[in-house]
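What follows is each chain in one-letter form.
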Amino acid sequence: MPSNITLRVSGARACFSRAEFKTERASYEVITPSAARGIFESVYWRPGLRWVIDRIHVLNPIRFQSLSRNEVGDRIPVATVRHAMRTGDLRTLPRVAADNRQRRAATILVEVDYLVTAHLILTDDAPAGDRLDEPLTIVTRRARRGQYFRAPCLGTREFPADVALWEGPPPAHRLPDDQRDRDLGLMLLDIDYAADRASRFFHAVLRDGVIDVPPFVAAAVRP
């Protein structure tokens with residue numbers, strides 16, 4: 001069985017928020033490796049395993065759309081929700097005030113379509129003697145059937161993703177000439193949980209519609 005798994009990830013809208021924007025949402029031009037890892041984990045995840053993104057094929061033209069959304073400024077504490085669930089008394093849940101809604105602009109992607117290739121590795125938490133054969137069999141079966149543990153999304157929960165196992169050579173992309181080869185600049189690679197949740201970036205380059213993702217420990221990764 002091959003050690004790499006390729007998923008086709010598509011959707012009508014996506015927003016992979018740039019880290020440098022604080023209040024307004026502005027998406028990267030393509031899916032980030034960290035967002036792609038989250039999609040793989042929605043299909044299959046367990047302690048002792050970690051998905052590593054190897055390659056991203058961009059199939060559809062990169063198109064942006066600007067819109068405005070109403071967002072809630074505060075969240076209900078988890079402990080309050082759990083207390084209401086235990087007691088069955090919903091009157092303890094605070095209601096969101098009308099003046100607590102904030103109108104914010106967002107620049108999102110539309111009609112996205114990617115092929116994402118990744119492989120599994122064992123972490124330090126994996127039991128001694130653990131192997132990757134069984135997890136790879138399980139994830140292949142689940143992806144082929146369209147099963148997942150939680151609904152996969154394209155950056156935010158409001159933008160659902162269509163996910164399917166891809167077997168065989170990648171299809172030809174539909175990128176225009178000015179998008180096939182492009183320097184995308186610094187892009188979020190992933191979060192380094194061992195270093196106090198520090199963000200790690202890499203220099204993303206699109207070459208004939210393909211981004212080769214460096215290993216997390218590579219010299220190309222920047223804090």
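Now for a description of the structure that goes with this document. Being a predicted model, the structure only gives us computed values, none of them experimental.

On to the packing of aromatic side chains. Inspection of every chain in the model, using the stated rule, returns 2 aromatic pairs. Ring plane angle 45 degrees and centroid distance 4.8 Å describe the contact between Phe-40 and Trp-51, whose orientation is recorded as tilted. One end of the pair, Phe-40, is in helix H1 (residues 33-43); the other, Trp-51, is in strand E3 (residues 49-58), with 11 residues separating them in the sequence. According to the relative accessible area criterion, Trp-51 is buried, its value standing at 2%. Above the plane of the ring of Phe-149 lies Arg-142, whose end atom (NZ or CZ) is 4.1 Å from the centre.

Here Ala-128 is to be found in the loop between strand E5 (101-122) and helix H3 (133-145). Owing to a relative accessible area of 84%, Ala-128 belongs among the exposed residues under this scheme. Separated by 41 residues in sequence, Ala-128 and Pro-169 have C-alpha atoms that sit 35 Å apart.

This part takes up the pairing of strand E7 (residues 156-160). Bridging between strand E6 (residues 153-154) and E7 involves 2 bridges; their strand directions are antiparallel. Pairing of Leu-154 across the sheet is with Thr-156, part of E7. Where E6 hands over to E7, the hairpin turn is made up of 1 residue, of which Gly-155 adopts a positive phi near 95 degrees.

Think of an α-helix as turning once every 3.6 residues; residues three or four places apart then point the same way. The element helix H2 (residues 78-87) is largely exposed, with a buried count of 1 among its 10 residues. In the stretch just after H2, Gly-88 is the one whose phi turns positive, near 75 degrees.

Turning next to unusual backbone geometry. Despite not being glycine, Glu-111 shows a phi value in the positive range, around 50 degrees. Locating Glu-111 in the fold gives a position in strand E5. The class of Glu-111 is partly exposed, set by a relative accessible area of 43%. Even without a glycine there, the phi angle at Asp-208 is positive, about 50 degrees. Along the polypeptide, Asp-208 turns up in the loop between strand E10 (198-206) and strand E11 (210-212).

A cluster of nonpolar side chains, contributed by Ile-76, Val-81 and Met-85, occupies part of the molecular surface with about 270 Å² of accessible area. If you trace the backbone, Met-85 turns up in helix H2. Look at Met-85 and you get exposed, because its relative accessible area is 66%.

Our next topic: the side chain of Gln-179. Residue position: Gln-179 is located in helix H4 (residues 177-180). Exposure remark for Gln-179: the relative accessible area of 9% places this residue in the buried category.

Membership of the largest hydrophobic core comes to 48 residues, with the highest contact counts inside it found for Ile-56, Tyr-114 and Leu-154. Going through the elements one at a time, strand E1 (4-14), H1, E3, E5, H3, strand E9 (182-192) and E10 are the ones with two or more residues in this core. With 8 residues, the single largest contributor to this core is E5. Setting aside residues up to four positions removed in sequence, Ile-56 forms contacts with Ile-31, Pro-33, Tyr-114, Leu-115, Val-116, Gly-209, Val-210, Ile-211 and Val-213.

Procedures and definitions
Residues numbered from 1 in each chain as written. Predicted model: local features only at pLDDT ≥ 70, side-chain atom pairs only at ≥ 80, totals over all residues. Heavy atoms only, no water. Phe/Tyr/Trp six-rings, centres within 6.5 Å; stacked < 30°, edge-to-face > 60°. Helix = DSSP H or I, 4+ residues; strand = E, 2+ residues; numbered from the N terminus. Buried < 20%, exposed > 50% of the residue type's maximum accessible area, 1.4 Å probe, protein only. Lys NZ or Arg CZ within 6 Å of the ring centre and 35° of its normal. Pairing = 2+ DSSP bridges. Patch = residues over 30% accessible without salt bridge, like charges linked within 9 Å, V, L, I, M, F, W, Y side chains within 5 Å. Areas by Shrake-Rupley, 256 points an atom, 1.4 Å probe, with all protein chains shown as cover. Salt bridge = Lys/Arg side-chain N within 4 Å of Asp/Glu carboxyl O. Core = buried A, V, L, I, M, F, W, Y, C linked by side-chain atoms within 4.5 Å. Contact = heavy atoms within 4.5 Å.

Just distances and angles here, no functional claims.
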